[in-house]
Amino acid sequence: AVAKGELDTFWEKTAALGPDSIGKALFQDTVLRLIRRELRRGTGLLIDTEDLAKALHEMLSTEAREQVGPVRVRRRRKSSRAKAHVGATQARTASMPPRAPQPPPSTTASTGGA
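Definitions and limits used
- Residues numbered from 1 in each chain as written.
- Predicted model: local features only at pLDDT ≥ 70, side-chain atom pairs only at ≥ 80, totals over all residues.
- Heavy atoms only, no water.
- Phe/Tyr/Trp six-rings, centres within 6.5 Å; stacked < 30°, edge-to-face > 60°.
- Buried < 20%, exposed > 50% of the residue type's maximum accessible area, 1.4 Å probe, protein only.
- pLDDT = per-residue confidence, 0-100.
- Helix = DSSP H or I, 4+ residues; strand = E, 2+ residues; numbered from the N terminus.
- Salt bridge = Lys/Arg side-chain N within 4 Å of Asp/Glu carboxyl O.
- Contact = heavy atoms within 4.5 Å.
- Axes fitted to C-alpha atoms, helices over the stretch in contact; angles between N-to-C directions.
- Parallel < 35°, antiparallel > 145°, perpendicular 65-115°, else oblique.
- Nonpolar A, V, L, I, M, F, W, Y, C, P; charged D, E, K, R; others polar.
- Arc of directions from axis to C-beta.

**Focus: the packing of aromatic side chains**
Here is step 1: With the rule as written, the count across this model stands at 1 aromatic pair.
Here is step 2: Ring centres 5.3 Å apart and planes at 70 degrees place the aromatic pair F10 and W11 in the edge-to-face group.
Here is step 3: Residue classification places F10 among the partly exposed positions, given a relative accessible area of 48%.
Here is step 4: Judged by relative accessible area, W11 falls into the exposed class, the value being 51%.

Structural data, given as structure tokens:
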């Protein structure tokens, strides 16, 4: 006998660990940027995210590649909160009065009156 809801949980976990779900997570722009950063730290080379995505796709088994499908880097859309922050910052800087130009610092050292 299976406890109530246990079978549903099992299938949800199985689906989440499937090649399709892992492929979607793996090819998120944020994940690719993280891997790219680690590669840059280790090798000193800056790899293009599209090239990295293709290399990762080639590492998958043939069966997994068929389930994941063609390589598509999935970029997250900016949330309305992030857009509001950018808009507020632009409005705040637009309403500020212009700064008066500052004279360059003097390069002559004072002698102290000796």
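What follows continues from the structure just given.
**Re the confidence of the model for the protein chain**
Here is step 1: Summing up the model confidence of the protein chain, the mean pLDDT is 81 and the portion of residues at 70 or higher is 68%.
Here is step 2: For the protein chain, helix α6 (residues 80-95) is the element with the lowest average pLDDT, namely 64, and helix α3 (residues 29-43) is the one with the highest, namely 95.

**A few points about the pattern of salt bridges**
Here is step 1: Going through the model one piece at a time under the given rule, you end up with 4 salt bridges.
Here is step 2: Close ionic contact of K24 with D20 constitutes a salt bridge, the shortest N to O distance being 3.8 Å. Of this pair, K24 and D20 both sit in helix α2 (residues 19-26), 4 residues apart, which is roughly one turn of the helix.
Here is step 3: Between D29 and R75 there is a salt bridge, with the nearest N and O atoms lying 3.7 Å from each other. In this pair, D29 sits in helix α3 while R75 sits in the loop between α5 (62-68) and α6, placing the two residues 46 residues apart along the sequence.
Here is step 4: Taking the relative accessible area as the measure of exposure, R75 reaches 51% and is therefore exposed.
Here is step 5: A network of salt bridges, in which partner residues are shared, links D29, R33 and R75.

**A word on the environment of V71**
Here is step 1: Its place among the elements puts V71 in the loop between α5 and α6.
Here is step 2: You can call V71 partly exposed: its relative accessible area is 27%.
Here is step 3: Ignoring sequence-local partners within four residues, the contact set of V71 consists of A53, K54 and H57.

**Things to note about the packing of α3 against helix α4 (residues 49-59)**
Here is step 1: As a packed pair, α3 and α4 sit with axes 10 Å apart at the nearest point and diverge in direction by 95 degrees. When the axis of α3 is compared with that of α4, the two are roughly perpendicular. Between α3 and α4, the contacting residues are L32, R33, I35, R36 and L39 on the first element and T49, L52, A53 and L56 on the second.
Here is step 2: Taken together, the residues that form the contact of α3 with α4 break down as 6 nonpolar, 1 polar and 2 charged.

**Here we look at the environment of Q28**
Here is step 1: Relative to the helices and strands, Q28 is located in the loop between α2 and α3.
Here is step 2: It is 7.7 Å that separates the C-alpha atoms of Q28 and R76, two residues lying 48 residues apart in sequence.
Here is step 3: In this structure Q28 touches R74 and R76, once residues within four positions along its chain are discounted.

**Describing α4**
Here is step 1: For α4, the set of buried residues is T49, L52, A53, L56 and H57. The arc that holds the buried residues of α4, viewed along the axis, is 135 degrees, so those residues lie on one side.
Here is step 2: Close packing links the buried residues of α4 with α2, α3 and α5.

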